[in-house]
There are 2 protein chains.
Amino acid sequence: MEEKDTCDVICVHEDEVKDVKSKMLEDEFLFEVSDNFKVFGDSTRLKIMYALSQRDLCVCDLAAVLDMSQSAISHQLRVLRSKNLVKFRRKGKMAYYYLADEHVVSMIELCVEHTKERY
Amino acid sequence: MEEKDTCDVICVHEDEVKDVKSKMLEDEFLFEVSDNFKVFGDSTRLKIMYALSQRDLCVCDLAAVLDMSQSAISHQLRVLRSKNLVKFRRKGKMAYYYLADEHVVSMIELCVEHTKERY
DNA sequence: CTTCCATATGAATATCTGATCATATAAATT
DNA sequence: AATTTATATGATCAGATATTCATATGGAAG
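Residues numbered from 1 in each chain as written. Chains lettered and ligands numbered in written order. Predicted model: local features only at pLDDT ≥ 70, side-chain atom pairs only at ≥ 80, totals over all residues. Heavy atoms only, no water.

Enquirer: Sorry if this is basic, but what is going on with the pairing of strand 3 (residues 94-99) of chain B here?
Expert: Consecutive side chains along a regular strand alternate between the two faces of the sheet. All names here are of chain B. With 2 bridges joining them, strand 1 (residues 57-58) and strand 3 adopt antiparallel strand pairing. Considered in strand 3, the bridge of L57 is made with Y97. Pairing of strand 2 (residues 86-91) with strand 3, which is carried by 6 bridges, proceeds in the antiparallel orientation. Within strand 3, the position partnered with R89 by the bridge is Y96. (Pairing = 2+ DSSP bridges. Helix = DSSP H or I, 4+ residues; strand = E, 2+ residues; numbered from the N terminus.)

If you want it as structure tokens, here you go:
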């Protein structure tokens, strides 16, 4: 299976490696999972989501809450939309954003808890 | 409170903003939370942790399981150690790594579940 | 104490990411 | 229709990050 004994991997324990390899999830799937974590791994996006967990807000208000530029917020909202973490409804010129579902809230809550407990 | 009406933030809804601001968690804390998520937001690190959730492994075996260089793995293990997500015990020349606690496992499991459910 | 080998790490590089700036779009108001 | 204003977005740039390469460290065994 392995063609590459070329270089550094010398001390491999064949059986254990084979065992764990068989239990590993698909590369593609784990990439997707890490990609999901990544969205939460930026404090601006996390703050946006946390703010939205309090109440729906328009872009301007989010900018005010986070004390950041409208553009910066808008760019991050785009990311959050692309990951289906937030949605929005138009009301006149404004766009009111809200969290897409409960998963988002529970993800944040869990990591908040873990962060509190672990340190 | 805001000295900066300078530029773009024009349409702020004072009350809602004030309300959400009062409910926001500390900047510093949310930064820490996002920083924790960030560690899980890289597929190499996630794979390492997932592999270790199956059984303790030495660096070489991890490299074999992930099919990556020893150096790359070692660098990422350093990151994981610095965040107290993994620990290791020496056995001769080798270092056997293992997950630091159950939090790590449950974090991964949760996001795996969410990823499965959401798409 | 020298060699061997598993692991660690510093430096360099390439890629990615987030903020800014300038500008475009789109809805409301005149 | 022209203007205003809330939001979106493309381009750019700076800083962060992951891998590689070369080398160092540290324990084992001779």
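Enquirer: How should the interface of chain A and chain B be read in this particular structure?
Expert: It is common to report an interface's size as the accessible area lost on association of the parts. Listed by partner, the interface residues are 66 residues for chain A and 65 residues for chain B. At the boundary of chain A with chain B, total buried surface from both sides reaches about 6,200 Å², with 67% on carbon and sulfur atoms. Among the residues chain A hides against chain B, the three largest losses belong to F37(A), H103(A) and R118(A). Together they make up 11% of the total. One salt bridge in this structure joins E16(B) and R55(A), with 3.4 Å as the shortest N-O distance. If you look at where chain A meets chain B, you find 18 residue pairs in polar contact (both at pLDDT 80 or more). If one sorts the elements of the side of chain A that touches chain B by residue count, helix 6 (residues 102-118) of chain A sits on top with 12 residues. A class-by-class count of the residues in the side of chain A that touches chain B yields 33 nonpolar, 13 polar and 20 charged. (Contact = heavy atoms within 4.5 Å. Buried area = accessible area lost by both parts, 1.4 Å probe. Salt bridge = Lys/Arg side-chain N within 4 Å of Asp/Glu carboxyl O. Polar contact = N/O pair within 3.5 Å; in protein donor to acceptor, adjacent residues only side chain to side chain. Nonpolar A, V, L, I, M, F, W, Y, C, P; charged D, E, K, R; others polar.)

Enquirer: Mind showing me how you'd approach the protein's contact with DNA strand C here?
Expert: Taken together, the neighbourhood of DNA strand C is formed by 27 residues, with R45(A), S71(A), S71(B), H75(B) and Y97(B) sitting nearest. Among all atoms of DNA strand C positioned within 4 Å of the protein, those belonging to sugar or phosphate total 67%. In the model, a base oxygen of DNA strand C is placed 2.7 Å from a nitrogen or oxygen of the H75(B) side chain. Going through the elements one at a time, helix 3 (43-54) and helix 5 (70-82) of chain A together with helix 4 (59-66), helix 5 (70-82) and strand 3 of chain B are the ones with two or more residues in the surface near DNA strand C. With 6 residues, helix 5 of chain B is the largest single contributor of residues to the surface near DNA strand C. Of the residues belonging to the surface near DNA strand C, the class tally is 10 nonpolar, 10 polar and 7 charged. (Near = heavy atom within 4 Å.)

Enquirer: Teacher, can you tell me more about the packing of aromatic side chains here?
Expert: Here the distance between the centres and the angle between the planes together describe a pair of aromatic rings. Considering all chains together, one arrives at 5 aromatic pairs over all chains under this definition. When the centroid spacing of 5.1 Å and the interplanar angle of 25° are considered together, the rings of F88(B) and Y97(B) count as stacked. A residue is classified by how much of its surface remains accessible, and F88(B), at 33% relative accessible area, is partly exposed. The exposure class assigned to Y97(B) is buried, which follows from its relative accessible area of 5%. Through a chain of ring-to-ring contacts, the aromatic side chains of F37(A), F40(A), F37(B) and F40(B) assemble into a single cluster. (Phe/Tyr/Trp six-rings, centres within 6.5 Å; stacked < 30°, edge-to-face > 60°. Buried < 20%, exposed > 50% of the residue type's maximum accessible area, 1.4 Å probe, protein only.)

Enquirer: Looking at this structure, I do not really get the sheet that holds strand 3 (residues 94-99) of chain A. What am I missing?
Expert: The pairing of strands in a sheet comes from backbone hydrogen bonds and takes either a parallel or an antiparallel form. Spatial ordering of the open sheet is given by 1-3-2 (chain A), a layout of 3 strands whose pairing is antiparallel. Looking along the sheet, the strands with just one partner apiece sit at the ends: strand 1 (57-58) and strand 2 (86-91) of chain A.

Enquirer: Which parts of the structure should I look at to understand the protein's contact with DNA strand D?
Expert: Taken together, 27 residues sit near DNA strand D, with S71(A), H75(A), Y97(A), T44(B) and S71(B) positioned nearest. Sugar plus phosphate, as a fraction of atoms of DNA strand D within 4 Å of the protein: 65%. V59(A) has a polar backbone atom sitting 3.2 Å from a phosphate oxygen of DNA strand D. In this structure, a phosphate oxygen belonging to DNA strand D sits 3.2 Å away from a main-chain N or O atom of A95(A). Secondary structure elements with two or more residues in the surface near DNA strand D: helix 4 (59-66), helix 5 and strand 3 of chain A together with helix 3 (43-54) and helix 5 of chain B. Ranked by residue count, the leading element in the surface near DNA strand D is helix 5 of chain A, at 6 residues. Split into classes, the residues belonging to the surface near DNA strand D amount to 10 nonpolar, 10 polar and 7 charged.

Enquirer: How do you make sense of the packing of helix 4 of chain A against helix 5 of chain A when you look at a structure like this?
Expert: When two helices pack together, their arrangement is given by the angle between their axes and by how far apart the axes lie. Residue and element names in this part refer to chain A. At a minimum axis distance of 9 Å, the contact between helix 4 and helix 5 shows a crossing angle of 110°. Put simply, helix 4 runs roughly perpendicular to helix 5. The element helix 4 and its partner helix 5 pack so that their crossing is right-handed. Contacts between helix 4 and helix 5 involve V59, L62, A63 and L66 on the former and, on the latter, Q70, I73 and L77. Tallied by class, residues from the contact of helix 4 with helix 5 come to 6 nonpolar, 1 polar and no charged. (Axes fitted to C-alpha atoms, helices over the stretch in contact; angles between N-to-C directions. Parallel < 35°, antiparallel > 145°, perpendicular 65-115°, else oblique. Left-handed = near helix turned anticlockwise from the far one by under 90°.)

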